[in-house]
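Understanding the architecture of this molecule
Given next are the chains, with one letter for each unit.
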Amino acid sequence: MQTNQALQARRIDAVAGGVASVLPVFAERARNAEIWDVEGKRYIDFAGGIAVVNTGHNHPRVIAAVRAQLDKFSHTCFQVTPYAPYVELAEKLNALVPGPSAKKTIFLSTGAEAVENAVKIARAHTGRPAIISFCGGFHGRTMMGMALTGKVAPYKAGFGPFPADVFHAAFPSPTLGVSVEQALASLERLFRADVDPARVAAIIIEPVQGEGGFYIAPPEFLQALRKLCDDHGMVLIIDEIQTGFARTGRMFAIEHAGIEADIMTLAKSMAGGFPISAVTGKAAIMEAARPGGLGGTYGGSPLGCAAALAVLEVIEAEGLIARADEIGGIITGYLKIMAGDNALECIGEIRALGAMVALELIKNRDPAEADPELARALVQEAAKAGLILLSCGVRGNVIRFLAPLTISTALLEEGMEIIHGCLKRLTA
Ligand SMILES: Cc1ncc(COP(=O)(O)O)c(C=O)c1O
């Protein structure tokens, strides 16, 4: 039998250290919200492969769709010999992405690639160079992805120079002491001090910051961005790579703000674990790039398209949008009980948009005193007890909940009990 320890030793010798893993635990198989490691130990999965398996690991319907496609062909390259699932999926997303405008879509392979292409399209459409993103935001690990990302360590340090003409504004977060007014003022400051709005092609924002700490952009801020973009002829790019596909209790998080994006980037839970991403946007904007300007050898792979079509059916058939709200309610219910536990002074703010729930870990009940050490320790301690957890946040002190939306209530409760027990032990 393989052991985690032996594999970890081989991994250290064979794999570049720049790709870090949360746990020295090697997966053998996974099903719905559970993962078994190579030693047969079972884990409840609250990480979902970082927001990728809203429909659970190996959902039978998704696997059947991929198998059926595999029997036909696995690759032709859409730019050489196109295939129907690509077109069908584009039609589905064009109909699902919110807003009255006609939409068009292209497919890529990763989230970062979707972001790169969204920027290319926005520049082609406007003929302008500059892009504004937000402090604490995360948009991927390619050069433009890193430039847009608003967190230096570990994502940008040592990797520059980055593409020019990228500017960061403040993201509104009462927890971090930034109001909507202050965030809007920071944009006005950018326009006065750094970049003429007439040179700005796009503003890109996550409706809920993912890596940044599950900070939720208030609807009025997103509405103000919509107006700002309209006033200045800028493209509003909404990055729904982590928030999309039912996670927040809507198909897309932007629905909470009731606005239409010019361009939306999609990936992760779109295909239940198969690598595919999308850029969906207003047809007039999406047509700005010339034939041959967009694409990629593997972009919109037939297996990814088949998986994504099945994922959309599962979200609908299993009522996962409504289930996200239930799951969020169960998790926050448990966290509130923990907050009321007098022994636990470490429970800070609890934030939730549907099942996108965050817990701030703090010292001495003081929100200003972030406790990233406790977050790190909790992730390791929970794994020992059979639960996979993820931390995040600009201060490193946030536990984020990304369990599959197909998880049973019993398993969810078991996971929450593990967290409660671990926090008691770690803070005793
Ligand atoms: C909001 C957001 N954008 C972009 C990305 C990059 O996606 P990928 O890792 O697939 O390149 C991520 C990944 O975490 C993300 O959360």
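A quick note: this is a predicted structure, and the numbers were derived from the prediction, not measured.

What counts, and at which threshold
- Residues numbered from 1 in each chain as written.
- Predicted model: local features only at pLDDT ≥ 70, side-chain atom pairs only at ≥ 80, totals over all residues.
- Heavy atoms only, no water.
- Helix = DSSP H or I, 4+ residues; strand = E, 2+ residues; numbered from the N terminus.
- Buried < 20%, exposed > 50% of the residue type's maximum accessible area, 1.4 Å probe, protein only.
- Polar contact = N/O pair within 3.5 Å; in protein donor to acceptor, adjacent residues only side chain to side chain.
- Contact = heavy atoms within 4.5 Å.
- Expected span 1.5 Å × (residues − 1).
- Arc of directions from axis to C-beta.
- Pairing = 2+ DSSP bridges.
- Axes fitted to C-alpha atoms, helices over the stretch in contact; angles between N-to-C directions.
- Near = heavy atom within 4 Å.
- Areas by Shrake-Rupley, 256 points an atom, 1.4 Å probe, with all protein chains shown as cover.
- Core = buried A, V, L, I, M, F, W, Y, C linked by side-chain atoms within 4.5 Å.
- Salt bridge = Lys/Arg side-chain N within 4 Å of Asp/Glu carboxyl O.
- pLDDT = per-residue confidence, 0-100.
- Parallel < 35°, antiparallel > 145°, perpendicular 65-115°, else oblique.
- Left-handed = near helix turned anticlockwise from the far one by under 90°.
- Nonpolar A, V, L, I, M, F, W, Y, C, P; charged D, E, K, R; others polar.

1. Re the side chain of H139
Along the chain, H139 turns up in the loop between strand 5 (130–134) and helix 6 (143–148). Of the residues examined, H139 reaches a relative accessible area of 3% and is grouped as buried. A distance of 2.8 Å separates a polar atom in the side chain of H139 from a polar atom in the side chain of D239. Once you skip the residues sitting within four places of it in the chain, H139 turns out to touch A112, V115, S133, G145, L148, T149, I204, I205, E206 and D239.

2. Comments concerning helix 8 (residues 219–232)
For helix 8, spanning 14 residues, the distance from its first C-alpha to its last is 20 Å, which sits close to the expected 20 Å at 1.5 Å a residue. Inspection of helix 8 places F221, L222, L225, R226, L228 and C229 among the buried residues, and these make up the whole buried set. With its buried residues spanning 165 degrees around the axis, helix 8 presents them on a single face. Looking at helix 8, the residues exposed on the side facing more than 90 degrees away from the buried face are K227, D230 and D231. Packing partners of the buried residues in helix 8 comprise strand 5, helix 7 (180–193), strand 7 (200–205), strand 8 (235–239) and strand 10 (277–282). Just past helix 8, the residue G233 takes up positive phi, approximately 70 degrees.

3. Some remarks on the sheet that holds strand 9 (residues 263–266)
Read from one edge to the other, the open sheet built from seven strands follows the order 4-10-9-8-7-5-6, with strand pairing classed as mixed. Looking at the sheet topology across the chains shown, the edges are occupied by strand 4 (103–108) and strand 6 (166–169). Neighbour-to-neighbour, the strand axes of the sheet open up by a mean angle of 20 degrees, direction not taken into account. The sheet contact formed by strand 5 and strand 6 spans four bridges and is parallel.

4. Here we look at helix 5 (residues 111–126)
Its 16 residues give helix 5 an end-to-end C-alpha distance of 23 Å, which sits within 8% of 22 Å, the value for a rise of 1.5 Å per residue. What helix 5 keeps buried is the set G111, A112, A114, V115, N117, A118, V119, I121, A122 and T126. Positive backbone phi, at 70 degrees, marks G127, one or two positions downstream of helix 5.

5. Quick word on the pairing of strand 11 (residues 347–353)
Here strand 11 runs beside strand 12 (residues 356–363); their pairing, made up of five bridges, is antiparallel. Of the residues in strand 12, the one forming a bridge with A352 is V357. The loop that links strand 11 with its antiparallel partner strand 12 comprises two residues; one of these, G354, has a positive phi angle of about 60 degrees.

6. Details of the site of the ligand
Around the ligand, the neighbouring residues are T110, G111, A112, F138, H139, G140, E206, E211, D239, I241, Q242 and K268. At 2.8 Å, a backbone N or O of A112 approaches an oxygen atom of the ligand. Within the contact set of the ligand, an oxygen atom lies 2.8 Å away from a side-chain nitrogen or oxygen of Q242. Its free accessible area being 390 Å², the ligand has 83% of it covered by the protein chains.

7. Quick word on the nonpolar core
Counting 138 residues, the largest nonpolar core has F46, L89, I203, M270, F401, I419 and L423 as its most contacted members. Tallying contributions element by element places helix 10 (residues 302–317) first for this core, with ten residues. In this structure, L89 is in contact with F107, M270, I276, C305, A308, L309 and L312, ignoring residues within four places of it in sequence.

8. Quick word on the pattern of salt bridges
Using the criterion set out here, one finds 20 salt bridges in the structure. Across the pair K103 and E260 runs a salt bridge whose closest N-O atoms are separated by 2.8 Å. Taken together, the positions of K103 in strand 4 and E260 in the loop between strand 8 and strand 9 put the pair 157 residues apart, joining distant regions of the chain. E260 shares its class with K103; the two are buried. Residue R395 pairs with E360 through a salt bridge whose shortest N-O separation is 2.8 Å.

9. A short note on the confidence of the model for the chain
With 100% of its residues at a pLDDT of at least 70, the chain reaches an overall mean of 97. Across the chain, strand 8 holds the top mean pLDDT of 99, while strand 13 (residues 366–370) sits lowest at 94.

10. Re the packing of helix 3 (residues 60–72) against helix 10
The description of two helices packed together rests on the angle between their axes and the distance between the axes. Closest axis-to-axis distance for the helix 3/helix 10 pair is 8 Å, and the angle between their directions is 150 degrees. Considering the angle they form, helix 3 stands roughly antiparallel to helix 10. Considering how the two elements wind past one another, helix 3 and helix 10 form a crossing that is right-handed. Of helix 10, the residues touching helix 3 (which contributes R61, V62, A65, V66, Q69 and L70) are P302, L303, A306, A307, A310, V311, E313, V314 and A317. Along the lines of polarity and charge, the residues of the contact of helix 3 with helix 10 split into twelve nonpolar, one polar and two charged.

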